[in-house]
Each structure stands twice: as C-alpha cells, then as structure tokens.
Amino acid sequence: MIGYYVHHLGNGHVNRARTIAAHCALPMTGLSTLPAPDDWPGPWVHLPRDDDGDPATFGDVTAGGRLHWAPVRHGGLRGRMALIAQWIEAASPRLLVSDVSVEVALLARLMGTPTAVVAMRGERTDPPHRTAYDLADLLIAPWPAALPEPGWPVHWRAKTVHTGAFSRFDGRPRPAPADNPAGRGRPWRVLLLMGSGGSDVSPGEVKAAQAATPGWEWTTLGGPNGGWSSDPWPALCAADVVVTHAGQNAVAECAAARRPAIVIPQERPFGEQEATGRALTRGRLATVTDRWPETEEWPALLERARAQGGGRWSDWAPGDGAAQAATALAAAARGEQAL
C-alpha cells in the first residue's frame, strides 16, 4: 500500500496524483482536504482544513522558520495530523508520497514510514524544504533531466527520478484540425489558460490585449472572469497559441497538446514559476515573458509564438512521465533501487 498526500490548493496536485495512481501497480490511498476524484482507484481519507479560522490566533505558523505551516492550537491541523497518523498505524503503508507538505513528510518519517516527495522548482534551500528533501527516500522531479533545477546538492540529485512533465492528457489523441484554417475562413485562436490557484492578471488587462489583436479570437478558461471546463483538451488543441502561467500542471497540459505557447510566470512562493520560465527559455520550448505584456506588445508576441511552434514540447513532456513516476514509487515501496 502507498499513501498519497494531495495538497488542496489549485488543481495541479490532485491531477498529478490521479494520473500517477492510474499507472501504479500497487494499491494507493489518497489523503487530502479535497474530495476524492471520481476516477480515484482506491480508498480516500478526507482531512479537515488547517487554514480556516482567525489568522490572528494562528501564532508562529513556521515554528521559528523550521516548518511551513503549523498554526498553534488549531483543531483542524491537530485533526488532520491525527487522521494521517491513525491511517499510517492501521494501513502500515510501504511508502507515503507528499505532494506537497513538509509537515506530512516529516510526520510519516517520524512514524518510520519511507517517504517520497514530489519536488518543485525554485529556491528550496530554506530549512523546511531541506528537511523534507533530505529525509525523503525518493524525489520525483516532473521535469526533464536535461533541464535540471540549478544548485541542487549531490545527495538530492542521487535520489531523484526526472520523469519529464506529465498531465491527465498524456496519450490522448488530438482532435482533427479544423477544415477552415486561419487566414482561410477564421481568425487565429488564442486560448488564455489561467489557474484556479489565483491570478496576477486583471480583467482589464485581458480586455486590452484582446482589443489590440483584432485578427485573433480569444477564449479564456479559468481565473476569476474566465469560463470553466472539466475538459479543456479540445480548446487546447484548437488554439493557435496558448497563453498561460508557469504552473507545472498548466505547462504540462500545454505541452501534451504540443501547442505554441506564451508563458507568463506569476509570483509564487520560492520563485517556483520564475524558475520554470527560466527552464523553458533554456530549452527554447516557449515564448516566455517575465510580466503581462504591454498592450502594444501583443500583436508581435503572438506572431512570434505562433512562428516558434510547439514541436519542441516533446523534450519537456515525452508522454510517459506518469508511468515513470508510478514505477519509481512502486520500486521505492518495495525497497528497490528506482534510479
């Protein structure tokens, strides 16, 4: 049995978990504040929230800089840690995957359970991240080995499996191209793909970009003013250019569709998205800009991205990343060498 802790902010963690679980040869139990996905293949332990209530009563949530989130005397935190501990005692898992929580990884290891941590880009040398990465038996890096995260110590690299990016759409056939290509009956299509974990872009900025590009038809999914789709795959594949942030899941889905992209990293803790943007630039995989472009920049930027194309995305997302991750986790659970 493998336990898989799924962080509740955004959709990327749960989508990654369900994609890996679909390929895993060992039974897997999910543990999360989120509800179980409809296609989750095993049990699911629902955890109380640890971030509700009056923040003024949370005390030092970092325990002097040694943890990331441990509010003082918070019933939800106490309850979720107790449930995880009870499940570990009852299930005696061979491995606990943390995606991602330093505190959950630490709890599991203190109970004698081997741990795997899903790594994230950015500056992760703060004491909490160092603790989680140091104690992990396995690090899963959902990016290619050819574009590593700079500055990692040797002992982290030695236990890392670079899977390449992966998403729920890997292996899914792309719809047939439209009969009326752009320039011959329809405008070029832009898909603005925004996340559910917050956005740095205002509706006014989006409207200004649309107004500046009359030859382009814009569709927005996600964000506070965008539409929502449980299946954005057709819209991704139909886009001549995708504009998105640099979250791991969004970039992986764009890569799976092999669409030209403009990637605009947003401000996130530890510089995660900026680091992903730098890696995409090094690999010449997408057009990356460090801020939402000025209105007058959009026409040239869209043309530049369209001309670059999406043919290099296979270097970022080869298509078998979830299967590689599942194989590595199963090997670690069996006590085998996964590298």
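For the structure, check the block above.
Being a predicted model, the structure only gives us computed values, none of them experimental.

Trainee: Explain the pairing of strand β5 (residues 115–118) here, please?
Mentor: Moving residue by residue along a regular strand, the side chains alternate between the two faces of the sheet. Residues Thr115 and Val117 point to one face of β5 and Ala116 and Val118 to the other, with burial holding for every one of them. Tracing the backbone out of strand β4 (residues 95–99), into helix α3 (residues 102–110) and back to the parallel element β5 gives a crossover that is right-handed. Where β5 lies against strand β6 (residues 138–141), three bridges are found, and the strand directions are parallel. Paired with Val117 across the strands is Leu139, a residue of β6. For the crossover that starts at β5, traverses helix α4 (residues 127–135) and ends in the parallel β6, the hand is right-handed.

Trainee: In this structure, what is going on with the environment of Ala331? I would like to understand it.
Mentor: As for its placement among the helices and strands, Ala331 is situated in helix α11 (residues 321–333). A relative accessible area of 8% places Ala331 in the buried class. Here the alpha-carbon distance between Ala331 and Leu26, two residues 305 residues apart in the chain, equals 9.8 Å.

Trainee: I would appreciate a short explanation of the side chain of Arg124 in the present structure.
Mentor: As for its placement among the helices and strands, Arg124 is situated in the loop between β5 and α4. A polar side-chain atom of Arg124 sits 3.4 Å from the main-chain carbonyl oxygen of Met120. Side chain to side chain, Arg124 and His129 meet in a polar contact 3.1 Å long. Leave out the neighbours within four places in its chain, and Arg124 touches His129, Arg130, Tyr133, Trp156, Pro269, Phe270 and Glu272.

Trainee: Which parts of the structure should I look at to understand unusual backbone geometry?
Mentor: Glycine aside, the phi torsion of most residues is negative, and most peptide linkages are trans. Here the bond from Asp99 into Val100 is cis, since omega is -10 degrees, no more than 30 degrees from zero. Mapped onto the elements, Val100 comes out in the loop between β4 and α3. Phi is positive for Arg73, which is not a glycine, with a value near 55 degrees. When you line up the elements, Arg73 lands in the loop between β3 (44–46) and α2 (75–91). One non-glycine residue, Ser92, lies in positive phi territory at about 45 degrees.

Trainee: Would you mind going over the sheet that holds strand β12 (residues 287–288) with me for this structure?
Mentor: Strand-to-strand pairing in sheets goes through backbone hydrogen bonds, with the strands running parallel or antiparallel. The sheet built from five strands is open, its strands ordered β9-β8-β10-β11-β12 with parallel pairing. Taken across any chain shown, the strands that pair with only one partner, and hence form the sheet edges, are β9 (216–221) and β12. Where strand β10 (residues 241–244) meets strand β11 (residues 261–263), three bridges bridge the pair, whose relative direction is parallel. Opposite Val242, over in β11, you have Ala261 as the bridge partner.

About the cut-offs
- Residues numbered from 1 in each chain as written.
- Predicted model: local features only at pLDDT ≥ 70, side-chain atom pairs only at ≥ 80, totals over all residues.
- Heavy atoms only, no water.
- Buried < 20%, exposed > 50% of the residue type's maximum accessible area, 1.4 Å probe, protein only.
- Helix = DSSP H or I, 4+ residues; strand = E, 2+ residues; numbered from the N terminus.
- Right-handed = clockwise from strand over helix to strand, strands pointing away.
- Pairing = 2+ DSSP bridges.
- Polar contact = N/O pair within 3.5 Å; in protein donor to acceptor, adjacent residues only side chain to side chain.
- Contact = heavy atoms within 4.5 Å.

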